Amino acid sequence: MTSTHAFWLAGRQATGETSFDVTNSWDGRLVGKVSVPTEAQVEEAVAAAHAVRDEFAATPAHVRAAALDHVSKRLAERTEEIAQLISAENGKPIKWARGEVGRAVSVFRFAAEEARRFNGGEAQRLDTDAGGTGRLALTRRIPRGTVLGIAPFNFPLNLSAHKVAPAIAVGAPIILKPAPATPLSALVLGELLAETDLPAGSWSVLPVPNDRMPALVQDERLPVISFTGSGPVGYAIMDSVPRKHCTLELGGNGAAVVLGDWSSEQDLDWAATRIATFSNYQGGQSCISVQRVIADSTVYGRLLPKIVAAVEAQVTGDPSDSATDVGPLVSEDAAKRVESWVDEAVEAGAKLLTGGERDGATYAPTVLAEVPAGTTLACEEVFGPVLTVTEVTGEAEAFAAVNDSPYGLQAGVFTHDVQTAFRAHRALEVGGVIIGDVPSYRADQMPYGGAKQSGVGREGVAYAMDDYTYERVLVLTGL
Ligand code: NAD
């Protein structure tokens, strides 16, 4: 019999009255049962966080940094076990799950370093104006209050880490709400937090059902909402609490541009391999996976067969097998949605070059060319292992094609030319431009977030720390 996983309420384990199942989308097996907090338990967690907020903000930085270092170290020690859990709950190939744990190790380490570095403010002379003679301003960054961190299913550990670690680094209490499909790795993160000396009320991990989230979102004791997930849910949250400080990390339909100067055999082989890998990693269920390839007409004809060959070389199969590149999607419904979008594009005239088949929750790595504008696939985030390739002429047309999207998370530009790189940086309406690689590159310390409908605000440890705090000025007179 599968035992029920407790959740974390104000730093201790607790169980509610009901539970839900977490299943593996590859073979349908039960991975775990997770206890659901009652309304009274959620209230207890929020009240505890609110009560401890001043004490937590006053905790010495070295204490918070030591806790963050501890979590980083323990994640590293338990990498294999946690990777197996992520792979089981999410269907993510084990090699990518190991990578995810490695990134969470770094996020907690970066947060420990930033907690030590975070000077909390600066001194500013005010006597540059006559009215300020004899005055000095000192600023400190003060936590805004308890953070409600809402995480998606696709990086269940690392995107939880991106909510939790910066909050601890600045001394802001955090209530983490994992995705219903993938709560287990977030609950393990709770085990590691429980090994630290952080004040008990300063953190909770609560798998609250979606239909009870609006009440939590509205709670005035939670002034900061850090949300990662889909646009409709994110914007509905922000619209419902216009006076709260919201960070929204939303979707994208990432483009990789291959320009005419990226033309040697070696160049094109590298681009094709990177594109194939990062349109399919995690079944394409990454907000920065490659969905659109935009290739200059001078390289298109040579690049396309290389992309198709590299996509066909992706190994689809059991996510627990280290050889597997592409596992199932998070659910059969998700795979059916992807299938319907591809079918719609093909009916509208798109050329299917490989893939296009579904087996349960698994969708085959797929490449299409000549996808008509206006189809769902051409406009929306597919969030599946599907790639469209479009031929353009010249840099200006390529950049316009990238911008012809409601989204703007990241873009990759394959070019050797530094001037082109700067022009891309200026022209592309995205949160990040990656030169010489796909849009899927993310370093966890860099500012990360979207333009247009890909989000509001930035993550990346130091940037989230700024977001979770505000500047309070102290003016000294008579100096
Ligand atoms: P989702 O929007 O369905 O769910 C995200 C989270 O919101 C989950 O924890 C869910 O339980 C919760 N939620 C659902 N309804 C809610 C409500 N009414 N109030 C409050 N919370 C609610 O997204 P998902 O399917 O888990 O994740 C996939 C999406 O996330 C994709 O669009 C992807 O691009 C995006 N994403 C963005 C980033 C980024 O950093 N920009 C990173 C990863 C994923």
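You'll find the structure just up there.
Cut-offs applied
- Residues numbered from 1 in each chain as written.
- Predicted model: local features only at pLDDT ≥ 70, side-chain atom pairs only at ≥ 80, totals over all residues.
- Heavy atoms only, no water.
- Pairing = 2+ DSSP bridges.
- Helix = DSSP H or I, 4+ residues; strand = E, 2+ residues; numbered from the N terminus.
- Axes fitted to C-alpha atoms, helices over the stretch in contact; angles between N-to-C directions.
- Contact = heavy atoms within 4.5 Å.
- Salt bridge = Lys/Arg side-chain N within 4 Å of Asp/Glu carboxyl O.
- Buried < 20%, exposed > 50% of the residue type's maximum accessible area, 1.4 Å probe, protein only.
- Right-handed = clockwise from strand over helix to strand, strands pointing away.
- Parallel < 35°, antiparallel > 145°, perpendicular 65-115°, else oblique.
- Left-handed = near helix turned anticlockwise from the far one by under 90°.
- Nonpolar A, V, L, I, M, F, W, Y, C, P; charged D, E, K, R; others polar.
- 1 Å grid on protein atoms, 1.4 Å probe; cavity = no way out; pocket = protein on both sides within 12 Å on 5 of 7 lines; lining within 4 Å.
- Points joined across faces, edges and corners; volume = space filled by probe spheres on them.
- Core = buried A, V, L, I, M, F, W, Y, C linked by side-chain atoms within 4.5 Å.
- Phe/Tyr/Trp six-rings, centres within 6.5 Å; stacked < 30°, edge-to-face > 60°.
- Lys NZ or Arg CZ within 6 Å of the ring centre and 35° of its normal.

A.B. asks: Describe in detail the sheet that holds strand 14 (residues 292-296), supporting the description with residues and values.
C.D. replies: With mixed pairing, 7 strands are arranged side by side in an open sheet as 15-18-19-14-13-21-22. Strands at the two margins of the open sheet, each flanked by one partner only, are strand 15 (351-354) and strand 22 (432-435). Across the sheet, the mean angle from the axis of one strand to that of its neighbour is 25°, orientation sign disregarded. The pairing of strand 15 with strand 18 (residues 366-369) spans 3 bridges and is classified as antiparallel. When the bridges of strand 18 are listed, Lys351 appears paired with Ala369. Each of strand 13 (255-258), strand 14, strand 19 (386-392) and strand 21 (410-414) touches helix 9 (residues 265-280); the most contacted strand, strand 21, lies at about 160° to it.

A.B. asks: Describe the environment of Thr38, and please don't skip the residues or the numbers.
C.D. replies: Relative to the helices and strands, Thr38 resides in the loop between strand 5 (30-36) and helix 1 (39-57). A C-alpha to C-alpha distance of 17 Å links Thr38 and Gly201, two positions 163 residues apart in sequence. Sequence-distant contacts of Thr38, defined by excluding residues within four places in its chain, comprise Gly16, Glu17 and Arg212.

A.B. asks: I'd like a description of the sheet that holds strand 25 (residues 469-476), backed by residues and values.
C.D. replies: Ordered in space as 6-7-25, the 3 strands form an open sheet in which the pairing is antiparallel. Edge positions in the sheet fall to strand 6 (123-125) and strand 25, since each has one partner strand and no second. Between one strand and the next, the sheet's axes are offset by a mean angle of 30°, whatever the strand orientation. Bridging between strand 7 (residues 136-143) and strand 25 involves 8 bridges; their strand directions are antiparallel. Paired with Leu136 across the two strands is Leu476, which belongs to strand 25.

A.B. asks: So, the pattern of salt bridges: which residues are in play, and what are the values?
C.D. replies: Applying the stated criterion across every chain yields a total of 31 salt bridges. Its salt-bridge partner being Arg78, residue Glu191 comes within 3.0 Å of it at the nearest N-O pair. Of the two residues, Glu191 is situated in helix 6 (residues 184-194) and Arg78 in the loop between helix 2 (61-77) and helix 3 (79-90); the sequence distance between them amounts to 113 residues. Across the pair Glu370 and Lys351 runs a salt bridge, and its minimum N-O distance is 3.4 Å. Of this pair, Glu370 sits in the loop between strand 18 and helix 12 (376-379) while Lys351 is found in strand 15, placing the two residues 19 residues apart along the sequence.

A.B. asks: Break down helix 6 for me, with residues and values.
C.D. replies: In terms of residue burial, helix 6 counts as a mostly covered element, since 9 of its 11 residues are buried. For helix 6, every residue scored as buried is listed here: Leu184, Ser185, Ala186, Leu187, Val188, Leu189, Gly190, Leu192 and Leu193.

A.B. asks: Give a detailed account of the pairing of strand 9 (residues 174-177), specifying residues and quantitative values.
C.D. replies: Note on strand geometry: in a regular strand, side chains alternate between the two faces of the sheet. Alternating positions in strand 9 separate into two faces, Ile174 and Leu176 on one and Ile175 and Lys177 on the other, with burial throughout. The sheet contact formed by strand 8 (residues 147-150) and strand 9 spans 4 bridges and is parallel. Bridge pairing links Ile150 to Lys177 in strand 9. The parallel pair strand 8 and strand 9 is bridged by helix 5 (residues 158-170), and the resulting crossover is right-handed. Sheet analysis places strand 9 next to strand 10 (residues 203-205), joined by 3 bridges and oriented parallel. When the bridges of strand 10 are listed, Leu176 appears paired with Val205. Handedness of the crossover is the feature at issue here: the chain leaves strand 9, passes through helix 6, returns alongside strand 10, and the resulting connection is right-handed.

A.B. asks: Explain the packing of helix 4 (residues 94-117) against helix 5 to me, and be specific about the residues and the numbers.
C.D. replies: Viewed as axis vectors pointing N to C, helix 4 and helix 5 meet at an angle of 10°, and their least axial separation amounts to 9 Å. By the angle class used here, helix 4 and helix 5 are roughly parallel. The handedness of the crossing between helix 4 and helix 5 comes out as right-handed. Contacts between helix 4 and helix 5 involve Glu100, Arg103, Ala104, Val107, Phe108, Ala111 and Ala115 from the former and Asn158, Ala161, His162, Val164, Ala165 and Ala169 from the latter. Residues that form the contact of helix 4 with helix 5 fall into these classes: 9 nonpolar, 2 polar and 2 charged.

A.B. asks: Report on empty space enclosed by the protein, specifying residues and quantitative values.
C.D. replies: In this structure the tally under the stated criterion is 4 cavities of 30 Å³ or more. Partitioning the lining of the largest cavity into residue classes produces 8 nonpolar, 4 polar and 3 charged. In this structure, the second largest cavity occupies an estimated 60 Å³ of space. Every residue along the wall of the second largest cavity is listed here: Gly252, Asn253, Gly254, Ala255, Arg292, Val402, Tyr407, Gly408, Leu409, Gln410 and Val430. Looking at the lining of the second largest cavity residue by residue, the class counts come to 5 nonpolar, 5 polar and 1 charged.

A.B. asks: Provide a residue-level description of the nonpolar core, including the pertinent values.
C.D. replies: By size, the foremost hydrophobic cluster in this structure holds 77 residues, and its most contacted members are Leu68, Leu75, Phe108, Leu148 and Ile225. Counting residues per element, this core draws most heavily on helix 4, at 11 residues. If near-sequence neighbours (up to four positions away) are discounted, Leu68 is found in contact with Phe108, Ala111, Ala112, Ala115, Ala165, Ile168 and Ala169.

A.B. asks: Please set out the packing of aromatic side chains residue by residue, giving values where relevant.
C.D. replies: Within this structure, the stated rule accounts for 6 aromatic pairs. For the ring pair Phe278 and Tyr281, a centre distance of 4.9 Å and an interplane angle of 65° mean the geometry is edge-to-face. Each member of the pair, Phe278 together with Tyr281, is buried. Joined through ring pairs, the aromatic side chains of Trp96, Phe278 and Tyr281 make up one cluster. A cation sits over an aromatic face here: Arg337 above Trp341, 4.7 Å from the ring centre. One residue, Arg442, lies across the ring of Tyr448, its end atom 3.7 Å from the ring centre.

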